[in-house]
Amino acid sequence: MHAIEIKGLTKSYPVGFWKKRLRPALQGLTLEVDRGETFGFLGPNGAGKTTTLKILMGIIFPTAGSATILGKDFLDPEIKKKVGFLPEQPYFYDYLSASELLAYYAELSGVPRSERNRRIGPVLERVGLGDVGNKQLRKFSKGMLQRVGIAQAIIHDPEVVFLDEPMSGLDPLGRHEVRTLIQGLKDEGKTIFFSTHILADAEALCDRVAVIHKGELRGIGVVNDLRSSVGGQSEVIWEGTQAEGDIKGLLVESHVAGQTLRATVNSTDLDRLLEKLRQQRLRLVSVTPLHGTLEDYFLAKTAEKKTTEKEAVPS
Amino acid sequence: MTSRLSAITLNTFREAVRDRVLYNLILFVLLLVASAPLFGQISIDLERLILVNVGLSSISLFGVIIAIFVGIGLVSKEIEKKTLYTILSRPVRRWEFIVGKYCGLLLTLVVNTALMTVGFYIALLVSAHHLHSTDFHLLVAIYFIVLQFMMMIALTLLFSSFSSPIFSTIFAFALFVIGTFAEDLKNFAALSEGIVKWLTTVASYVVPNFASLNVITQAAHDQTVGRGLILHNTLYAILYSAAVTAGAVLIFERRNLK
């Protein structure tokens with residue numbers, strides 16, 4: 001059983017004052033997240049990340065499609081006892097102190113009173129707010145509020161945690177702290193689904209990522225696989241001291257190291273290069289795919305449709 | 001369910017208290033104190049009459065203003081500030097949120113009214129140097145004022161569940177004024193004919209009948225209120241509030257919270 005299973009999730013909003021048209025915000029999103037997995041949901045601003053999370057949290061309703069969390073319908077209130085959620089740029093009741101807020105949310109999540117009082121202190125300590133638990137939230141900085149946001153998302157010890165842009169608007173130190181907190185949750189075996197457009201965070205934390213753009217899923221997979229799929233280059237080493245003729249034309253760059261030649265070649269030219277090496281009876285030492293960054297993959301996937309659309313336009 | 005409802009109720013009450021809603025009590029006391037110099041210049045009976053009218057009308061007016069201005073923000077403010085996101089992502093049913101908010105504001109107004117009532121009786125005691133048994137008949141008028149609050153909160157909550165705060169305020173005030181003259185609307189319906197009769201009859205049943213809940217004048221003249229009217233008004237206020245709150249729930253259950 002998957003921790004999260006989304007099937008054909010679609011959301012359209014009516015736009016226009018007089019003549020209403022439907023503007024799709026999410027188009028047939030289908031994906032699964034395994035238990036214990038840290039899943040990054042990537043996309044530029046307005047891609048449909050927050051829309052997806054709002055649907056899963058029951059804040060808005062889908063136009064079509066379905067989803068399950070831990071095997072139960074996502075709208076089943078009981079499943080939400082096992083779910084934590086941090087909204088994007090969270091705002092909390094600023095007349096409450098951090099401890100009062102956590103007590104309130106724990107009660108709403110069905111945590112028994114005795115357990116509530118036992119949990120609040122350690123959770124505040126964990127997010128680095130142990131010494132300001134009795135301070136009203138209106139006196140908190142943005143970074144502190146983000147940490148309160150994470151605290152409220154985990155106060156009831158959920159199995160699945162949804163985080164919407166958890167590092168958004170934080171300074172480098174704040175981002176590092178939040179990243180450490182997420183890593184801690186990951187180490188505890190929690191399933192984490194977090195949306196972000198900060199690719200370095202996704203690269204550092206996620207087991208798998210999905211790229212969404214204009215409401216459509218553009219790619220999904222293990223971070224390393226995705227990086228290598230767009231790395232687009234391989235390092236080829238063979239015995240020799242000089243690249244000549246046809247071979248030279250295929251290489252991006254090459255260096256001689258003793259009796260071997262170390263060259264970089266575009267993946268599209270790799271087969272041709274290997275064929276040439278075989279024909280010239282040159283001894284192959286190794287072929288290593290060079291990984292691109294997640295950013296390369298992200299840029300490739302978000303630009304993909306644009307290129308396809310341009311190609312489709314008749315000249 | 002009970003735990004979630006009570007949590008939302010108490011949090012709504014706490015918000016009202018911490019946002020200094022109960023500061024209106026100071027204004028109420030000031031109003032009673034400010035009207036005191038008037039009393040020295042008139043007869044004892046008239047003094048009591050004015051005090052009862054000023055006191056009970058103030059309790060009603062302050063309460064209605066709180067019901068409207070706090071009520072319109074009960075849902076819309078939570079949507080606007082997105083605090084609702086962290087509520088609905090928990091095992092909280094949407095109806096529990098609405099009913100919890102309703103109970104929270106009602107609790108606020110009951111506490112507010114109770115404190116005002118204490119102040120009002122102290123003023124009565126100070127002006128007449130003792131309390132008559134008939135003075136406690138005034139509690140019925142105060143009870144009716146609380147019933148009025150029950151209905152006003154339900155109405156503002158209904159408007160708050162689908163409309164902007166400005167429109168909610170306009171709708172709520174308009175209905176409060178129309179409801180105050182509900183009996184006149186009924187009389188007009190009785191005298192009308194055709195489509196006008198039909199429309200005014202429907203309107204007279206839809207708008208809240210605050211007229212029958214206003215017994216301040218009777219109370220000021222020591223006229224007792226019959227048990228029949230107490231029972232009738234109690235049932236009416238409960239059913240009307242329940243129906244309007246159910247309407248708010250129905251709207252809110254289907255609403256996409258952008």
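Quantities reported herein were computed from a predicted structural model and do not represent experimental measurements.

Hey, could you run me through the overall build of chain B in this one?
What chain B contains, in helices and strands, is 12 helices and zero strands. Scanning chain B from its N terminus toward the C terminus, one meets helices and strands in the order α-α-α-α-α-α-α-α-α-α-α-α. For 258 residues, the compact-globule estimate of 2.2 N^0.38 gives 18 Å, and chain B sits close to it at 20 Å. Counting only C-alpha atoms, chain B reaches 60 × 55 × 30 Å along its principal axes. The proportion of buried residues among the 258 residues of chain B is 40%.

In this structure, what is going on with the sheet that holds strand 14 (residues 284–290) of chain A? I would like to understand it.
Hydrogen bonds between backbone atoms are what pair the strands of a sheet, whose relative direction is either parallel or antiparallel. All names here are of chain A. Strand order in the open sheet made by the four strands is 12-13-11-14, with antiparallel pairing throughout. A single partner strand is all that each edge strand has here, and the edge strands are strand 12 (251–257) and strand 14. Each adjacent strand pair in this sheet contributes to an overall mean axis angle of 15 degrees, direction not counted. Contacts from helix 9 (residues 267–279) reach strand 11 (233–239), strand 13 (260–266) and strand 14 within the one sheet, and its direction differs from that of strand 13 by about 145 degrees.

Explanation requested: the packing of helix 9 (residues 182–191) of chain B against helix 10 (residues 194–206) of chain B in the structure shown.
Packed helices, taken two at a time, are described by the angle their axes make and the gap between the axes. All names here are of chain B. Viewed as axis vectors pointing N to C, helix 9 and helix 10 meet at an angle of 155 degrees, and their least axial separation amounts to 8 Å. Comparing their axes, helix 10 and helix 9 come out roughly antiparallel. The handedness of the crossing between helix 9 and helix 10 comes out as left-handed. Counting all contacts with helix 9, which are made through A182, L185, K186, F188 and A189, the residues of helix 10 involved are K197, T200, T201, A203 and S204. Of the residues in the contact of helix 9 with helix 10, the class split is five nonpolar, three polar and two charged.

I'm lost on the nonpolar core in this one. Help?
Where a protein is soluble and globular, its nonpolar side chains tend to be buried together. Judged by nonpolar contacts, the single largest core of 141 residues is most densely connected at L102, A151 and F162 of chain A together with A67 and I153 of chain B. Residues within four places of A67 of chain B in sequence aside, it is in contact with L105, L109, F149, M152, I153 and T156 of chain B. Among the nonpolar cores identified, the runner-up in size contains seven residues, and V236, L261, V265 and L273 of chain A belong to it.

Just checking my understanding: could you explain the sheet that holds strand 6 (residues 83–86) of chain A for this structure?
Residue and element names in this part refer to chain A. Strand order in the open sheet formed by six strands is 6-7-8-3-9-10, with mixed pairing between adjacent strands. Sheet topology places strand 6 and strand 10 (216–222) at the edges, where each strand pairs with a single neighbour. Between one strand and the next, the sheet's axes are offset by a mean angle of 15 degrees, whatever the strand orientation. Two strands pair when backbone bridges link them, and strand 7 (residues 160–164) and strand 8 (residues 191–196) are joined in this way by five bridges, in the parallel orientation.

Would you take a moment to explain the interface of chain B and chain A for this structure?
Interface size is commonly expressed as the accessible area that is lost once the parts come together. In this assembly, 22 residues from chain B lie in contact with 24 residues from chain A. Looking at the side of chain B that touches chain A, the elements with two or more residues in it are helix 1 (2–18) and helix 5 (83–88) of chain B. Among the elements that take part in the side of chain B that touches chain A, helix 1 of chain B stands out by supplying six residues, more than any other.

Sorry, what's going on with the pairing of strand 6 of chain A here?
Here is the key point about a regular strand: its side chains alternate between the two faces of the sheet. Residue and element names in this part refer to chain A. Alternating residues of strand 6 divide into V83 and F85 and G84 and L86, and every residue in both groups is buried. Pairing analysis gives four bridges linking strand 6 to strand 7, with the strands arranged parallel. The residue of strand 7 that forms the bridge with V83 is V160.

Is there a simple way to explain helix 12 (residues 227–254) of chain B in this structure?
Side chains of residues three or four places apart in an α-helix project in the same direction, reflecting 3.6 residues per turn. Residues and elements named next belong to chain B. With 28 residues, helix 12 ought to run about 40 Å at 1.5 Å a step, and its terminal C-alpha atoms sit 41 Å apart, in line with that. Within the sequence span of helix 12, burial applies to N233, A237, S241, V244, T245, A248, V249 and F252. Residues of helix 12 that are buried in the fold lie against helix 4 (73–80), helix 6 (94–128) and helix 7 (138–160).

When you look at the confidence of the model for chain B in this model, what are you seeing that I'm missing?
Put simply, chain B has an average pLDDT of 87, and 95% of its residues get 70 or more. Our summary of model confidence lists the complex with pTM equal to 0.83 and ipTM equal to 0.86.

Even after reading the chapter, I still don't get unusual backbone geometry, so can you show me in this structure?
A negative phi angle characterises most non-glycine residues, just as the trans form characterises most peptide bonds. At D157 of chain A, a position not held by glycine, the phi torsion is positive, near 50 degrees. With respect to the helices and strands, D157 of chain A occurs in the loop between helix 4 (142–154) and strand 7. Even without a glycine there, the phi angle at K82 of chain B is positive, about 65 degrees. Position of K82 of chain B relative to the elements: it lies in the loop between helix 4 and helix 5.

Where do I start with the environment of L32 of chain B in this structure?
Along the chain, L32 of chain B falls in helix 2 (residues 24–39). The spacing of L32 of chain B and I166 of chain B is 134 residues in sequence and 31 Å in space, taken between C-alpha atoms.

Help me understand the environment of E239 of chain A in this model?
All names here are of chain A. Following the sequence through the fold, E239 ends up in strand 11. Since 13 C-beta atoms lie within 10 Å of it, E239 is described here as partly exposed. Spatially, the C-alpha atom of E239 lies 6.8 Å from that of V285, the residues being 46 residues apart in sequence. With near-sequence residues (within four places) excluded, E239 lies in contact with Q259, T260, L282, R283 and V285.

Procedures and definitions
Residues numbered from 1 in each chain as written. Chains lettered and ligands numbered in written order. Predicted model: local features only at pLDDT ≥ 70, side-chain atom pairs only at ≥ 80, totals over all residues. Helix = DSSP H or I, 4+ residues; strand = E, 2+ residues; numbered from the N terminus. Rg over C-alpha atoms; globule rule 2.2 N^0.38 Å. Buried ≥ 20, exposed ≤ 12 C-beta atoms within 10 Å, placed from the backbone. Pairing = 2+ DSSP bridges. Axes fitted to C-alpha atoms, helices over the stretch in contact; angles between N-to-C directions. Contact = placed C-beta atoms within 7 Å. Parallel < 35°, antiparallel > 145°, perpendicular 65-115°, else oblique. Left-handed = near helix turned anticlockwise from the far one by under 90°. Nonpolar A, V, L, I, M, F, W, Y, C, P; charged D, E, K, R; others polar. Core = buried A, V, L, I, M, F, W, Y, C linked by C-beta atoms within 7 Å. Expected span 1.5 Å × (residues − 1). pLDDT = per-residue confidence, 0-100.

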